[in-house]
Amino acid sequence: MAWVSHLTAIRDDKDQKAFAEVFGHFAPRVKAFLMKSGASPDLAEEVAQEVMATLWRKAHMFDPTKASVSTWVFTIARNRRIDILRKQRRPEPEDLPWGPEAEPDQEDVLALQQESEQLGVALAALPEKQRDLIVKAYYGDLTHSEIAEQTGLPLGTIKSRIRLALERLRHQLK
């Protein structure tokens, strides 16, 4: 209960002496907790500092009827650790590419044009029923179920025709 009175003094009076005692007790424990969970000593120290700063700023949010002071402090530490892990797993906005992409080489443009022409010839050579389904699926961006709804054909027939058409296209484009 002593820690509850300390948090009350921090909340109500911004009592620096009470905060110093809470800090002296919990900061090393939070650091050890974070190091046991895989954080480097430097990161654990930094997060422990942040946790204690959060405790100072948000002492008004502590509710002794819901948790003990240690549970509240270690919950803050755990949540901060999770935030850091999430941040490490996703790129920072400044790491993401911005602006227009570089112009493709003329060689790449020419190759893409030739491949597109070959695909057009190969599509034209498909039986009409298969070609229509390929166009709906890949150019119309429809799902197989949407095509079935639109055409009235059974889903299995649509899947078979598309599979056969893709096989033919693959062989013609080799």
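Given the structure is predicted, the values throughout are model-derived calculations rather than measurements.

Student: Outline the overall build of the protein, supporting the account with residue identities and numerical values.
Tutor: Broken down by element type, the protein carries 8 helices and 0 strands. Walking the protein from its N terminus toward its C terminus, one meets helices and strands in the order α-α-α-α-α-α-α-α. Relative to its length of 174 residues, the protein is extended, with a C-alpha radius of gyration of 32 Å against a globular reference of 16 Å. Considering only C-alpha atoms, the protein reaches an extent of 85 × 45 × 30 Å along its principal axes. Accessible surface, the protein: about 12,300 Å² in total, of which carbon and sulfur atoms supply 54%. Counting 25 positive and 26 negative side-chain charges, the protein places the averaged centre of each group 10 Å from the other.

Student: Pulling in residues and values, what's your account of helix 2 (residues 16–36)?
Tutor: For helix 2, spanning 21 residues, the distance from its first C-alpha to its last is 29 Å, which sits close to the expected 30 Å at 1.5 Å a residue. At F23, helix 2 shows its largest bend, some 30 degrees. Considered for burial, the residues of helix 2 that qualify are A18, F19, V22, F26, A27, V30 and L34. Packed against the buried residues of helix 2 are helix 1 (2–13), helix 3 (41–57) and helix 4 (69–89). Its side-chain oxygen placed 2.9 Å from the backbone nitrogen of K17, D15 serves as the N-cap of helix 2. Immediately downstream of helix 2, the backbone of G38 shows phi near 110 degrees, a positive value.

Student: Tell me about the environment of F62, and name the residues and values.
Tutor: Checked against the element boundaries, F62 lands in the loop between helix 3 and helix 4. F62 sits 11 residues away from V73 along the chain, and the two C-alpha atoms are 9.5 Å apart. Setting aside residues up to four positions removed in sequence, F62 forms contacts with V4, L7, A67, S68, V69 and W72.

Student: Mind laying out a nonpolar patch on the surface, listing which residues take part and the relevant values?
Tutor: Together, V135, Y138 and Y139 make up an exposed nonpolar region whose accessible area comes to about 330 Å². You can see Y139 is positioned in helix 6 (residues 128–139).

Student: An account of the pattern of salt bridges is needed here, citing residue identities and associated values.
Tutor: Tallying each qualifying case throughout the model produces 5 salt bridges. In this structure, the salt-bridge partner of E167 is R163, at a minimum N-O distance of 4.0 Å. On the criterion of helical spacing, the pair formed by E167 and R163 is a turn pair, its members being 4 residues apart in helix 8 (residues 155–172). Judged by relative accessible area, which is 36%, E167 ranks as partly exposed.

Analysis parameters
- Numbering of residues starts from 1 in every chain and runs along the sequence as written.
- With the structure being a predicted model, the display of local features is reserved for residues of pLDDT at least 70 and the display and counting of side-chain atom pairs for 80 or more, all residues being used for whole-chain, interface and lining totals.
- Hydrogen atoms and water are omitted, and side-chain values are computed over all heavy atoms in the structure.
- Helix numbering and strand numbering both begin at the N terminus, where a helix is a DSSP run of H or I of at least 4 residues and a strand a DSSP run of E of at least 2.
- Note on method: radius of gyration uses C-alpha positions; expected globular size equals 2.2 Å times residues raised to 0.38.
- Residue-level accessible areas treat just the shown protein chains as cover; the underlying method is Shrake-Rupley with a 1.4 Å probe.
- Working convention for charge: Lys and Arg count positive, Asp and Glu count negative, and His plus the chain ends are omitted.
- A charge is said to be at NZ when it belongs to Lys, at CZ for Arg, at CG for Asp and at CD for Glu.
- In a helix, the anticipated span is given by 1.5 Å times the number of residues less one.
- One fitted axis covers the seven residues ending at a residue, a second covers the seven starting there, and the bend at that residue is the angle between these axes.
- The cut-offs for exposure are 20% and 50% of the maximum accessible area for each residue type, with area from a 1.4 Å probe on protein chains only; residues under the lower value are buried, those over the upper are exposed, and the others partly exposed.
- The contact criterion used is simple: two residues touch if any of their non-hydrogen atoms lie within 4.5 Å.
- Think of a polar contact as two N or O atoms within 3.5 Å of one another; within protein, one of them needs to be a possible hydrogen donor and the other a possible acceptor, and neighboring residues in sequence only count if both atoms come from side chains.
- To count toward a patch, a residue needs a relative accessible area above 30% and no salt bridge. Like charges then connect within 9 Å, nonpolar side chains (Val, Leu, Ile, Met, Phe, Trp, Tyr) within 5 Å.
- Think of a salt bridge as a Lys or Arg side-chain nitrogen and an Asp or Glu carboxyl oxygen that are within 4 Å of each other.

Function cannot be read off these values alone, since they describe shape.
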